[in-house]
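# Topology and contacts: notes
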Amino acid sequence: MTATTAPKAALGVLPRSDGSAKYSHAGYTLTASVNGPIEAQRRDEHAYEAHVEVIVRPAAGVGGTRERHLESLLQSSLAQLILVKNFPRSLIQVVLQIEDSPENDYVNTKLVQASLNFAIMPALVQTAILALLSAGVPMRATATATAVAVVHQDGAKKMVVDPSPREVETASSVHVLAFTSHNGLLLAESEGDFTVGEWDDVYETAKEICCRSTPAKEGTAMVLDDEEPSATDMRQFLRSTMESKVAADLHWK
Amino acid sequence: MATGHPIVLPGETIDPSLIPSHPKNPLRLGPGLRHIPPTDIVPTVAGQLITNPAKNSMWIEYNSNRYIPTPSDLILTQILRSTTDAYLCLLSPHTAPATLPHLAFEGATKKTRPVLQPGQLVYARVALANKHMDAELECVSAATGKADGLGPVGNPAAGSGGCAFDVSLGFARRLLMARSRAEGGVGVLEMLAGEEGGGLAFETAVGRNGRVWVGSESARTVVLVGRALQETDRGGLGLEGQRRLVRRLVREMR
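These numbers were taken from a predicted model, which means no experiment stands behind them. (Residues numbered from 1 in each chain as written. Chains lettered and ligands numbered in written order. Predicted model: local features only at pLDDT ≥ 70, side-chain atom pairs only at ≥ 80, totals over all residues. Heavy atoms only, no water.)

## Points about the packing of aromatic side chains
Residue and element names in this part refer to chain A. Scanning all chains against the criterion turns up four aromatic pairs over all chains. With a centroid separation of 5.6 Å and 55 degrees between ring planes, the pair formed by F179 and Y203 is classed as tilted. Note that F179 is positioned in strand β8 (residues 173-180) and Y203 in helix α4 (residues 196-210), a separation of 24 residues in sequence. Accessibility classification places F179 together with Y203 in one group, the buried group. An aromatic cluster is present here, built from F179, W199 and Y203 joined pairwise through their rings. (Phe/Tyr/Trp six-rings, centres within 6.5 Å; stacked < 30°, edge-to-face > 60°. Helix = DSSP H or I, 4+ residues; strand = E, 2+ residues; numbered from the N terminus. Buried < 20%, exposed > 50% of the residue type's maximum accessible area, 1.4 Å probe, protein only.)

See the structure below:
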């Protein structure tokens, strides 16, 4: 449940939407649909750019304040990536449905109103990006995201990538970072107590996962072997997923 | 995948050696690419980069479902309603309607103009597409004043309404290719009309906006052709798969 499994994705799972993606990683499973550019409601209409609407639906119940908060974070990040100026007065709608989230082994939780936390943010970002790519919405760049928790254990400090719910509970701080494919920092949200030094360490760890330059050379591979193998290369994952989708679409070439 | 046609993601840098350089012709950028002055050419969608050195052009080949109007595209549209001087038409669901002026038909004048009811399907050309304005359509060539096959399709009153089917934009593009069997790998229509389909009689109008109209004397044929097109699109069938599909559908329909 809490094991760091390799991410999995399927594109175009919803036939009636313009683009869709199903993504599962670190215990989270999400489905996203993207529609757009479509006609915006009068109150959302902007004269010079497209309105990006993000809706996060929890696995059970209706969304509350936490979901609205995540939506606003995602909305501002995605609006940076999408070429919104290409589609004035229109709407690009991203709906993210959470299907499954990892269970906490220590606390007996009933599936009631899902209380979201930052650990789900990377999955939300990844699913939204995959769905946007699947819909062919013009974008400036792609993005990858990861969550890092700082856990103090036996007096030692430890970075946990893609923390489990238990680790989020015991962690002194949880951070979510997203990077664009140009290695720019897109999103940085933190929760808990931490020092500037810790944040710098978190930044380096996250950057290693999100921005690793494709095929790791021999020298870097040696260094990586010493570290825990949890670090999945998100950028490579995104690329291989899209490569198989494009190859399937253009089978006639 | 051949190195000549790499798969690109939005924002990736394109290898300068792949950009065609022609001494005289200006470089033409097709769909999916944008030029960031002064020197950058960046893809905006995920797809395969195709270059044509002879025409000094490059574009991204990809498939999607949402049509974005582009001038001189042939599209199949549905009339929503009429205003004083134009019809409002639907290009794709949930988008702002396009305008089709009453005078943009062959031989139309202020006195004589075609009367089209809401719901009527029209095969038209995109005359004007601008991101700040609703698209404008025409059913007549501005140069020659001829319709060239454009205009209302199907006549429900005469019992030959036919039916419009939704396909993906990439499939519509393949159907519209001049040599769709050789270049696009779609032979399903030829097969249906030919030996495999037992010589079915039907007519089609393919819109770049992902809608295909099929008309025929018999409703059976309309449904069969439409299903064959949709299954070819969704299943990603090759020529051999299409032949098998046509045989199966014709057998089931008997």
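Once the structure has been displayed, the description carries forward.
## Regarding helix α1 (residues 169-176) of chain B
Within α1 of chain B, six of the eight residues are buried, which leaves the element mostly enclosed by the surrounding structure. Listing the buried residues of α1 of chain B in full gives L169, G170, F171, A172, R174 and L175 of chain B.

## Quick notes on the nonpolar core
By size, the foremost hydrophobic cluster in this structure holds 61 residues, and its most contacted members are L78, I82, L96, M121, L124 and L132 of chain A. By residue number, the principal contributor to this core is helix α2 (residues 121-135) of chain A, which donates 11 residues. With residues up to four places along the chain from it excluded, the contact list for L124 of chain A reads L30, V56, L70, L74 and L96 of chain A. In this structure, I75, Y87, C89 and L137 of chain B belong to the second largest nonpolar core, which totals 26 residues. (Core = buried A, V, L, I, M, F, W, Y, C linked by side-chain atoms within 4.5 Å. Contact = heavy atoms within 4.5 Å.)

## Thoughts on the sheet that holds strand β6 (residues 143-153) of chain A
The strands that make up a sheet are held in pairs by hydrogen bonds between backbone atoms, and each pair lies either parallel or antiparallel. All names here are of chain A. Taken together, four strands build an open sheet; the order of strands is β7-β6-β8-β9 and the sheet is antiparallel. Every other strand in the sheet has two partners, leaving β7 (156-161) and β9 (185-192) as the edge strands with one partner each. Within this sheet the neighbouring strands show an average axis-to-axis angle of 15 degrees, counted without direction. As paired strands, β8 and β9 are joined by seven bridges and run antiparallel to one another. When the bridges of β9 are listed, V176 appears paired with E189. Those strands touched by α2 are β6, β8 and β9, and its axis lies near 170 degrees from that of β6. (Pairing = 2+ DSSP bridges. Axes fitted to C-alpha atoms, helices over the stretch in contact; angles between N-to-C directions.)

The values are spatial; any link to function lies outside them.
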